[in-house]
Amino acid sequence: MPIEISLPFEPNKIEKAIEYWLDLLRREDYAEAYNLTMHDPYYEWTPALIESYINGYGLPYEEGETVYKVTDWRTAHTDNNRPAMDIFLFDAHRISGNGEYKVIGYVQYDIPLNGERSDLTVTFSIMQAEDYIRLELNDIHVL
């Protein structure tokens, strides 16, 4: 079941949820990471596809290529001062396809790979119910 983040909306709560998701990926628990978030059917995510896109640096992994692995976000090296997470809130929310949530914005987080903070970025929609927020995995891509 996807994690429920308590209201009121606070960026640090979103960040903690994403860091927990990254910790699951670091342990290669792709099934639990998959279950932690909601999923837009358009992207057709599965635990195996998440693993493949991470291992392939934003593209499906191909045998013989460098294998990328999620590493600890606490110790990932970076050469810039840009924050790992950016949150974008909409001026006016929209309603999700199933009508259960207000889509109030989205968040991007740079995934730490092989000891470095990379430009492989995960994007989640921020889905607000009456008394909690959930994250919906949208894309894993080079930004």
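Just so it is clear, the model here is predicted, and its values are computed rather than measured.

Now for the overall build of the chain. Across its full length, the chain carries three helices and six strands. The order of helices and strands in the chain, counted from the N terminus, is β-α-α-β-α-β-β-β-β. Here the C-alpha atoms of the chain give a radius of gyration of 15 Å, agreeing with the 15 Å that 2.2 N^0.38 yields for 143 residues. Each principal axis of the C-alpha distribution contributes one length, and for the chain these read about 45 × 35 × 25 Å. Looking at the chain residue by residue over its 143 residues, the buried ones come to 41%.

A word on the nonpolar core. By size, the foremost hydrophobic cluster in this structure holds 30 residues, and its most contacted members are Ile14, Ile18, Trp21, Leu25, Leu135 and Ile140. For this core, the secondary structure elements donating two or more residues are helix H1 (11-26), helix H2 (30-36), helix H3 (47-55), strand E4 (102-113), strand E5 (116-128) and strand E6 (132-142). The greatest single-element share of this core, amounting to seven residues, is contributed by H1. If near-sequence neighbours (up to four positions away) are discounted, Ile140 is found in contact with Trp21, Trp45, Ile50, Tyr53, Gly58, Ile111, Leu120, Thr121 and Val122. Among the nonpolar cores identified, the runner-up in size contains six residues, and Tyr101, Val103, Met127 and Ala129 belong to it.

What follows concerns the pattern of salt bridges. A complete count under the given rule lists six salt bridges for this structure. Residue Asp23 is joined to Arg74 by a salt bridge in which the shortest nitrogen-to-oxygen separation is 3.2 Å. Placement of Asp23 in helix H1 and of Arg74 in the loop between H3 and strand E3 (85-95) is noted, with a sequence separation of 51 residues between them. Note that Arg117 and Asp110 form a salt bridge whose closest N and O atoms lie 3.5 Å from each other. Residues Arg117 and Asp110 agree in their burial class; the two are buried.

Right, let's talk about the confidence of the model for the chain for a bit. Per-residue pLDDT for the chain averages 93, and the proportion of residues at 70 or more is 99%. No element of the chain has a lower mean pLDDT than E3, which averages 93, and none a higher one than H2, which averages 98.

A full pass over the atoms with the stated rule returns seven aromatic pairs. For the pair Trp45 and Tyr53, a centre-to-centre distance of 5.4 Å together with 80° between the ring planes defines the contact as edge-to-face. In this structure Trp45 comes out as buried when scored by relative accessible area, which is 6%. For the ring pair Tyr101 and Tyr132, a centre distance of 6.4 Å and an interplane angle of 75° mean the geometry is edge-to-face. Of the two residues, Tyr101 is situated in the loop between E3 and E4 and Tyr132 in strand E6; the sequence distance between them amounts to 31 residues. Both residues of the pair, Tyr101 and Tyr132, count as buried.

Calculation criteria
- Residues numbered from 1 in each chain as written.
- Predicted model: local features only at pLDDT ≥ 70, side-chain atom pairs only at ≥ 80, totals over all residues.
- Heavy atoms only, no water.
- Helix = DSSP H or I, 4+ residues; strand = E, 2+ residues; numbered from the N terminus.
- Rg over C-alpha atoms; globule rule 2.2 N^0.38 Å.
- Buried < 20%, exposed > 50% of the residue type's maximum accessible area, 1.4 Å probe, protein only.
- Core = buried A, V, L, I, M, F, W, Y, C linked by side-chain atoms within 4.5 Å.
- Contact = heavy atoms within 4.5 Å.
- Salt bridge = Lys/Arg side-chain N within 4 Å of Asp/Glu carboxyl O.
- pLDDT = per-residue confidence, 0-100.
- Phe/Tyr/Trp six-rings, centres within 6.5 Å; stacked < 30°, edge-to-face > 60°.

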